[in-house]
Amino acid sequence: DNPPSRALRGLESKSFAQKTFKKRLPVTLTNVVDDVHRSFSSLDASHKLKIDQGKEIVYELSQLRHHVQRDKPVKLVEDDLEDAKLWAKAQENLDDDIEYTYQSLTWLFSECLVYRDVHRIIQTRSEWKGYDPFRRQKEASFKSTLSGSIELVERLAPLFSRSNVDKALFVEMLQLALWGNRADLSLINDLTAQSSIHEVSNLSVESLASQNSNILANDTVKAWNYLEAVKDKRIDIILDNSGFELFTDLLLADWLLQHNHASSIHFHGKAIPWFVSDTTQSDFHWVIDQCAAQIHPEMQSFGLRWKNYLNESKFVFSAHPFWTTPYPYWHLLDVAPDLYADLAKSSLTIFKGDLNYRKLVYDCDWPVDTSFSSAIGPLALDPKSNSTSRFPPVLALRTAKSDPVVGLQGGIVQASKLDTIDKEWRLNGRYALIQFHYSTSK
Ligand code: F6P
Ligand code: MG
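Residues numbered from 1 in each chain as written. Chains lettered and ligands numbered in written order. Predicted model: local features only at pLDDT ≥ 70, side-chain atom pairs only at ≥ 80, totals over all residues. Heavy atoms only, no water.

**A look at unusual backbone geometry**
(1) Moving on: The phi dihedral of F275 falls on the positive side, at around 45 degrees, and the residue is not glycine.
(2) Moving on: Tracing the backbone through its elements, the reader meets F275 in the loop between strand 3 (262-268) and helix 13 (281-292).
(3) Moving on: Even without a glycine there, the phi angle at Y362 is positive, about 65 degrees.
(4) Moving on: As for its position among the elements, Y362 is in the loop between helix 17 (353-360) and helix 18 (372-375).
(5) Moving on: Look at Y362 and you get buried, because its relative accessible area is 14%. (Helix = DSSP H or I, 4+ residues; strand = E, 2+ residues; numbered from the N terminus. Buried < 20%, exposed > 50% of the residue type's maximum accessible area, 1.4 Å probe, protein only.)

**Details of the coordination of the magnesium ion (ligand 2)**
(1) Moving on: The protein atoms that coordinate the magnesium ion (ligand 2) are D240 (OD), N241 (OD1) and D278 (OD), at distances of 2.1 to 2.2 Å.
(2) Moving on: Read in sequence order, the donor residues coordinating the magnesium ion (ligand 2) give the pattern D-N-x36-D. No difference in accessibility class separates D240 from N241, as the two residues are buried. (Donors = N, O, S within 2.8 Å, 3.2 Å for Na, K, Ca; no water.)

**Side note on the pairing of strand 6 (residues 394-399)**
(1) Moving on: Strand 6 sits mainly inside the fold: six of its six residues count as buried.
(2) Moving on: A two-sided burial pattern is seen for strand 6, the buried positions comprising V394, A396 and R398 on one face and L395, L397 and T399 on the other.
(3) Moving on: Bridge count between strand 5 (residues 348-352) and strand 6: four bridges; the pairing is parallel. The residue bridging I350 from the neighbouring strand is L395, located in strand 6.
(4) Moving on: Bridging between strand 6 and strand 7 (residues 432-437) involves six bridges; their strand directions are antiparallel. (Pairing = 2+ DSSP bridges.)

**Overview of the state of the cysteines**
(1) Moving on: Across all of its chains, the model carries zero disulfides by this definition.
(2) Moving on: C112 takes part in no disulfide bond, and the closest cysteine sulfur to it belongs to C364, at a distance of 14 Å. (Disulfide = S-S within 2.5 Å.)

In structure tokens form, the structure reads like this:
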């Protein structure tokens, strides 16, 4: 397969990619520096090594911020050769004689590299192993949405216990997991995005209904028809953000299990802290533990049930390193054949959020009327015409927070209408896509 050629780059003037390097990432890196500083500034002299290493981390992070903001040449650190090779290979056709900068490489590559470098700078210091510079923000944001989460649980608990399979409830569960994706800290930190965490965690029936017309492509019925035919199978959720979004994903997963659409749900999180709010293994368990520890009886019983699911392996969590490489998912089979083989055992893969969407569609400037199936490339094809290695159907649930949009129902006409109503429609998280690919040749 030939990957498409219109990959987004920061060099494009006034693009959101460029703003990411000039403004958004520097803010994120400043917040990381502040968190590191806060984590060692109150330590006494007995923690000298940790304090000294903390100062080194701050220095290196500040340098990184300077390099990103000033668009300096990108360096792949060679101390882990395999790792450096993997990152170098992800950018094919690089000319050895040219010094590539953050903005001249593809947006996807450079942005991932920044998060990888933050992790490398921290983890090479012995006293800082396991420290997640985004943990405080993720935990605070979950706590600030707790009242919205409790309202949801109060409303859903009686509906969950109904034994009949209810299409209306499926629609609602998908929409919750969809709009839960607005609760992304890297967007909310951006002051021009006028969403607040409270606004995004209000997912009452009325607010869901009012947002319906903002779902620009909606394959819910196709996904439902497929799901109805699937019973007691494994479903995989490729997670995005921790906190409120993860909470809505857990609700969807729970509903799928209780209504016998799945016998197990496999969650895929991130092996390292990623794009501020993405879910690591410890975030995943922390959110479930928080729910189980609430005094609110319904919330507590949801949390305790989720802990049981984990014990019974009805909920399974893993964090394959592939998800924190720069590779678009067109390369899943070549780069991570073990992960591909594992996912091939699933009956449905649900990809959450904006970054997963960018990676599904190769982070390209596609014409908006390109079909979703063609934009996901090899995942929509049958690689070896061997049923065990076929990729399962793909369901993307994404609020739009970056340029790539495909499969728009009204095509180019609708895109130009949206341009006049809301110039930022691709970026501000107010519009969303529910897109489903299912190869009928199965
Ligand atoms: O900065 C790139 C980006 O993909 C944005 O478009 C988005 O705001 C954020 O990172 C991640 O969003 P999500 O958590 O939905 O993947
Ligand atoms: Mg995210």
